[in-house]
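Close look at the chain arrangement
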Amino acid sequence: MSQNPNARTTQLRQQQFLNGLHNLMAKRNTPLPPFLTGVHVPNYDQARSSWAAIEPGSETGSFKLADKDVNLFKLWGLVFAHGGGQVLNSNNSWGQILNQFDLPEEFPTVQANGATSVSTMLSHYYMAILLPFEESYRKNLQETQRKANMANRQGMMPNMPMGGGGGMGGGGGQGQAIQQQGMALNPMAMQRMGGNPINSGMPVGNIQDEVLDSDIQGIKRKLDANDLDNKRARPRTDGQDGAALSLGMLEKSGSEPPVSQLNAVRPRQQPSRRKIEYVPLARDVETYGGRDLKQIENEYLAAAHRRTMRELDEWGPIDVEHLTLSIRSRLSTELSYALTTFTLLSTMKGPTAGSGFPIYQCGDLFDEVLDLVEDLAFDGAEPSIEEAQSAENPNTFTNRQLMNAVLEVETHPFAALEHHQGSKDPASGPTQRPANYILAVVNIIRNLSIINDNMDYLARHDRLLDILFRLGKVVSRNGVPTPASPALSLSDVILIRKDTLYTLTSLSNFIRLPTTSPIPKSALRTARQAFELFASYLTDPSEAVSPLACAQQAGVPLGPNMRPPVTVEMALDIFDKFSQPDQNRQVLSKAISQPSLWLFFDSLIRRLPVSEADFQVTMREQWLSYVERITMAIYSLVFLAPPELKQKMRSDRSLGCKSIMLRLLHRFMISNPEVRIHLIYSAKRVTETLKLLDDALDPFENPADSSSTPALSFGMGFADSNDTGMEKGTGILGGHRDFGWDMLMLKEVLTDDVLWGELESLVRIECQ
């Protein structure tokens, strides 16, 4: 029974590949062992060879790795199909090759060189044996391509004869150039006509039959004997030996007459009937992840010499009153002009760093913009604070839930053709959608908030915060999240909430809520809506996880550049700054319900590190800052909590707040002295939080430590008061006295009287 033709062809290719590999390595004075190439090497001594560590495979052309045969020809084809050895190294993608050889990921035992990874050892073998072949192949292939392109361009020059009596057998004509190019790009034709896989640039490595045989199969189909008889009407021209061109000539081995004879047997007598293939020229680009980094660098260098953004004083005179009147007119063209000009002004820099458009000098313009937003966004009045509190649901919609709701709606068939809330009214004519004006104004406010001179003015404006929070408000209608403003869609609200978060990043240090008695309803509404905004980014159950799980959710490989989610960091930072002033705490304590406080507290505790892997992630600077912000936020929540809620925070066994905080404190304090200096700040925040949990009194109504000063005035911790008496406590850490005394004996604690006093009061148990 005869052997499969495809199998014979594959064996022939493999042997030619091994011969070429042997010749190349022999020229480099590093001949490969005969069991790898099947070529005898005179005076070869396996014991003294540099390849002595390679274990022979069960058949020629293979070696053993992890007790599995690795075929060199197959390995070359797989690696070349993935872009080459250097690409696999840079992408750390050698693991994709293991499955093709049924190789395990790890060696059963540590190898003599200390290696445990099979993919790493496979890459070393490839780099030592096959990388020189790959480099030589690529170099020759590029040279062949370059010569073919030059021949193609010469053949297409004007006034050059297209053929003649010699046909394609003549030298220098376009037909010969094209045929040479075709054979240079057709590895199988070069192989069967005696070409060397190294010298001719033959891509012998790709073992996929449909790729290897794409060119030769096309030639076979075109030159099939029956097709030649049925389709070609013009007479054929014999070659030098009188034989017509046939498919058998393409099947000749390397020892038979080479390419020059093939050129002589296929002359064309009618140049107009010649079939010409035009191959487009393509520049050779080294890309990384699909991006041409060199081109990007060149663009950056060119951008440095371009004109920079114009500063504010280069804009020329702007009539602010004209802008105000244009906005007040509510005409579409006037609004477009005014908001576009205002947007450009808000982005321009001033003559000094941190300066820009001084909105505090244009109060009428800013008030008119806020009036425009209220007119477009709200038809009716905002419900009273009593109605809002009665209908308050502590499980507010989180940002993740809003994103999922938008995704679900937008993925419906023909979703863009359906009419939703916030869509443009078809009867309104050629005007902007109302939400576009609102988004433009919110963007202007965000741009103005980063200018230092505007921060205090915007933070203390009596309407700005209330309007921003009302724009981002979401209500539940039949269980579906719906924007409170009828002019906005849910996707608009998500953008507004994010822009509001960026705006508050600049303004949170300057926000002071009024604390007059009684507290104004607008202040209570602002405090409650601000708290709901922060909670929407922090309280989602699927996102309130430990640092390691949080990093894994992002889908980014663990590394030094890994960092927490940006919006989560922003929400924590803003809440810490917003809830730090005492007057803001007084308003928050009146506006926020206990269920909302508990939900926020529960989510923050679940974000703290628990396992050893979590603490390893926390040792990075970005994640340490993230944990510090969480502890600061927990401190503020404990401060706002009434005594009965504090008791729940201490005693809830399912949450385990006390155990988690103690473990965090112990890891921060009992650590390497070189690292402890960076962790002592976080340890102080944890200690102050435990001290607050230990105190069962209401800081807004009861004095602390028998002094006449309310605890509220202490600010961060209970150590800023003039009270010099001994710290008192109920011994919340009394059951962990070993840990407690270890921390008390640390140098950093002994030199800090405040920290030592608070820790000692948490460990000490007083008998009544």
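Overview of the structure. (Residues numbered from 1 in each chain as written. Predicted model: local features only at pLDDT ≥ 70, side-chain atom pairs only at ≥ 80, totals over all residues. Heavy atoms only, no water.)

Digging into the sheet that holds strand β2 (residues 62-65)
Note the cut-off: The rule for pairing is simple: two strands pair if DSSP sees at least two bridges between them. The helix count covers DSSP runs of H or I at least four residues long, the strand count covers runs of E at least two residues long, and both are numbered beginning at the N terminus. The contact criterion used throughout is that any non-hydrogen atoms of two residues lie within 4.5 Å. Fitted lines through C-alpha atoms serve as axes, helices being fitted only where they are in contact, and the angles separating the N-to-C directions of these axes extend from 0 to 180 degrees.
Across the sheet, three strands lie side by side as β1-β2-β3; this open sheet has antiparallel pairing. Every other strand in the sheet has two partners, leaving β1 (55-56) and β3 (68-71) as the edge strands with one partner each. Against the sheet, helix α6 (residues 118-129) contacts β2 and β3, and its axis sits at roughly 150° relative to β2.

What about the side chain of serine 346?
For clarity, the threshold we go by: Counted as a polar contact is a pair of N or O atoms within 3.5 Å, where, for protein atoms, one must be capable of donating a hydrogen and the other of accepting one, and residues adjacent in sequence contribute only when both atoms are in side chains.
For serine 346, the position within the fold is in helix α16 (residues 332-347). One polar contact links the side chain of serine 346 to the main-chain carbonyl oxygen of threonine 343, over a distance of 2.7 Å. Apart from the residues within four sequence positions on either side, serine 346 is in contact with Ile444, Asn447, Leu448 and Ile451.

Describing the packing of aromatic side chains
Quick note on the threshold: Pairing of aromatic side chains here covers Phe, Tyr and the six-membered ring of Trp, requires ring centres within 6.5 Å, and sorts the geometry by plane angle: under 30 degrees stacked, over 60 edge-to-face, intermediate tilted. When a residue's accessible area, from a 1.4 Å probe over protein chains only, is under 20% of the maximum for its type it is buried; when over 50% it is exposed; and in between it is partly exposed.
One pass over the full model with this rule turns up 19 aromatic pairs. On the basis of an interplanar angle of 70° and a centroid distance of 5.0 Å, the ring pair of phenylalanine 531 and phenylalanine 600 is categorised as edge-to-face. Remark: phenylalanine 600 occurs in helix α28 (residues 594-606) and phenylalanine 531 occurs in helix α24 (residues 521-538); sequence separation between them is 69 residues. For phenylalanine 600, a relative accessible area of 0% corresponds to the buried category. A centroid spacing of 5.9 Å and a plane angle of 70° characterise the contact between phenylalanine 534 and phenylalanine 578, whose relative ring orientation is edge-to-face. Placement of phenylalanine 534 in helix α24 and of phenylalanine 578 in helix α26 (residues 566-578) is noted, with a sequence separation of 44 residues between them. One exposure class covers both phenylalanine 534 and phenylalanine 578, and it is buried.

Examining unusual backbone geometry
The step from serine 517 to proline 518 runs through a cis peptide bond, and the omega angle for that step is -5°. Along the chain, the position of proline 518 falls in the loop between α23 (490-507) and α24. Non-glycine residue asparagine 29 carries a positive phi angle of around 60°. If you trace the backbone, asparagine 29 turns up in the loop between α1 (5-27) and α2 (34-37). Here the phi dihedral of asparagine 478 falls at roughly 60°; this positive angle occurs in a residue that is not glycine. Structurally, asparagine 478 can be placed in the loop between β4 (474-477) and β5 (480-483). Judged by its relative accessible area of 83%, asparagine 478 is exposed.

A word on the pattern of salt bridges
Short version of the rule: By salt bridge we mean one thing: a side-chain nitrogen of Lys or Arg within 4 Å of a carboxyl oxygen of Asp or Glu.
Summed over all chains, the structure comprises 25 salt bridges. Close ionic contact of aspartate 466 with arginine 525 constitutes a salt bridge, the shortest N to O distance being 3.0 Å. Pair noted here: aspartate 466 is in helix α22 (residues 464-471) and arginine 525 is in helix α24, with a separation of 59 residues, a long-range link. For the pair aspartate 466 and arginine 525, one class covers both residues: buried. Residues joined in a network through salt bridges with shared partners are Asp371, Glu374, Arg463, Asp466, Arg470 and Arg525.

With respect to a nonpolar patch on the surface
Threshold: Only residues whose relative accessible area exceeds 30% and that form no salt bridge enter a patch; like-charged residues are grouped when within 9 Å of one another, and nonpolar side chains (Val, Leu, Ile, Met, Phe, Trp, Tyr) when within 5 Å. Here, Shrake-Rupley sampling with a 1.4 Å probe gives the accessible areas, and only protein chains in the shown set may cover a residue.
A contiguous nonpolar surface patch, about 440 Å² in accessible area, is contributed by Tyr288, Leu293, Ile296 and Tyr300. With respect to the helices, strands and loops of the structure, tyrosine 288 is situated in the loop between α13 (259-264) and α14 (293-304).

Overview of the packing of helix α30 (residues 621-640) against helix α33 (residues 673-694)
Going by this rule: Angles below 35 degrees are treated as roughly parallel, those above 145 as roughly antiparallel, those between 65 and 115 as roughly perpendicular, and all remaining angles as oblique. Working rule for handedness: look at the near helix, and if it is turned counterclockwise from the far one by less than a right angle, call the crossing left-handed; if clockwise, right-handed. Three classes are used: nonpolar for Ala, Val, Leu, Ile, Met, Phe, Trp, Tyr, Cys and Pro, charged for Asp, Glu, Lys and Arg, and polar for all others, with Gly counted as polar.
At a minimum axis separation of 9 Å, α30 and α33 run at an interaxial angle of 20°. The orientation of α30 with respect to α33, classified from their angle, is roughly parallel. Both α30 and α33 take part in a crossing whose hand is left-handed. From α30, Leu624, Glu628, Thr631, Met632, Ile634, Tyr635, Val638 and Phe639 reach across to α33, where they touch His678, Leu679, Tyr681, Ser682, Arg685, Val686, Glu688, Thr689, Leu692 and Leu693. Here the contact of α30 with α33 is composed, by residue class, of 11 nonpolar, four polar and three charged.

Without other data, these values stay purely geometric and don't point to any function.
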